[in-house]
Every structure is written in structure tokens, then in C-alpha cells.
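Tertiary structure, described
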Amino acid sequence: ARERADVYADLLPFEWYLFIVGLVGDETSTTFFERASLGIVETFDVGLDRTTTGGPVSQLRVPGCGTYDFSYDAATGHLSSYTYAPGFGLGPGDACVPNDAGTP
């Protein structure tokens, strides 16, 4: 039980982030904001999937970064794990920079 509590505690901030993304996004996309120079902000369309209509976010597709898949605990509904598939040309440890070069 202790190990499970540790995993949940580690994922809790990410779960809140996904809740906000799901809240402000529509069913299939949301907007990410990236700070640019001189106070000009760039926006990027990010594709998303949900577990059910209006449900939690199950996948984010960030152009220039890759795809993030999320799993939720069936009993509690809390985020239980996630995986990341880097975008084209990125390795697992490379920093991603969102761009509008592809479709989300």
C-alpha cells in the first residue's frame, strides 16, 4: 500500500495539470502557450483524446514534442501511469520545443 501511495503522490501534480488541460480544452484539442521574446506569446494547437466524452485526458499529441499516453486507475479514477513517445528526431532525454510544423 505504501508503494502505491508513493506512486500516486508523484503523479498528483501531473493529474492536476491534466485536469486543467481537460477543463480548458475541447473534446479533441487544446492550446498550449509558449513564452517568446519581448513578451510575445506563441500558441500551439495540441491534439488530445479522452477516455470518454468529457472524461479525463488519455492522450496529448504535442507537435514538435511527441505523444503522451495516460492511464487511470479503474477503482479510484486517479492517474496511475503515463508513457512518452518522442517526436521525430527526438531521443528520450531530449528537450522538446512545441512547434506548428505538424498536426497535433
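Note: the structure precedes this text.
Below: a short report on this structure. (Residues numbered from 1 in each chain as written. Predicted model: local features only at pLDDT ≥ 70, side-chain atom pairs only at ≥ 80, totals over all residues. Heavy atoms only, no water.)

Any two side chains of opposite charge can pair, on the condition that their charged atoms come close. Tallying each qualifying case throughout the model produces two salt bridges. Among the salt bridges present, the one from Glu27 reaches Arg50, with a minimum N-O distance of 3.7 Å. Placement of the pair is Glu27 in the loop between helix H1 (2–24) and strand S1 (29–35) and Arg50 in strand S2 (residues 41–50), with a sequence separation of 23 residues. Using a relative accessible area of 35% as the deciding quantity, one classes Glu27 as partly exposed. Residue Arg50 is classed as buried on the basis of its relative accessible area, which comes to 15%. With its nearest N and O atoms 3.1 Å apart, the salt bridge here joins Arg61 to Asp49. Of this pair, Arg61 sits in strand S3 (residues 57–62) while Asp49 sits in strand S2, placing them twelve residues apart in sequence. A residue is classified by how much of its surface remains accessible, and Asp49, at 33% relative accessible area, is partly exposed. (Salt bridge = Lys/Arg side-chain N within 4 Å of Asp/Glu carboxyl O. Helix = DSSP H or I, 4+ residues; strand = E, 2+ residues; numbered from the N terminus. Buried < 20%, exposed > 50% of the residue type's maximum accessible area, 1.4 Å probe, protein only.)

Here the focus is the pairing of S3. Most of S3 is tucked away: five of the six residues are buried. In terms of strand pairing, S2 meets S3 through four bridges, oriented antiparallel. Paired with Gly47 across the strands is Arg61, a residue of S3. Between the antiparallel neighbours S2 and S3 lie six residues, among them Gly54 with a positive phi of about 75°. Sheet topology places S3 next to strand S4 (residues 66–72); four bridges connect them, and they run antiparallel. Considered in S4, the bridge of Leu60 is made with Tyr68. Here S3 hands over to S4 after three residues, with Gly64 in that stretch at a positive phi of 90°. (Pairing = 2+ DSSP bridges.)

Any functional reading would require information that these geometric values do not contain.
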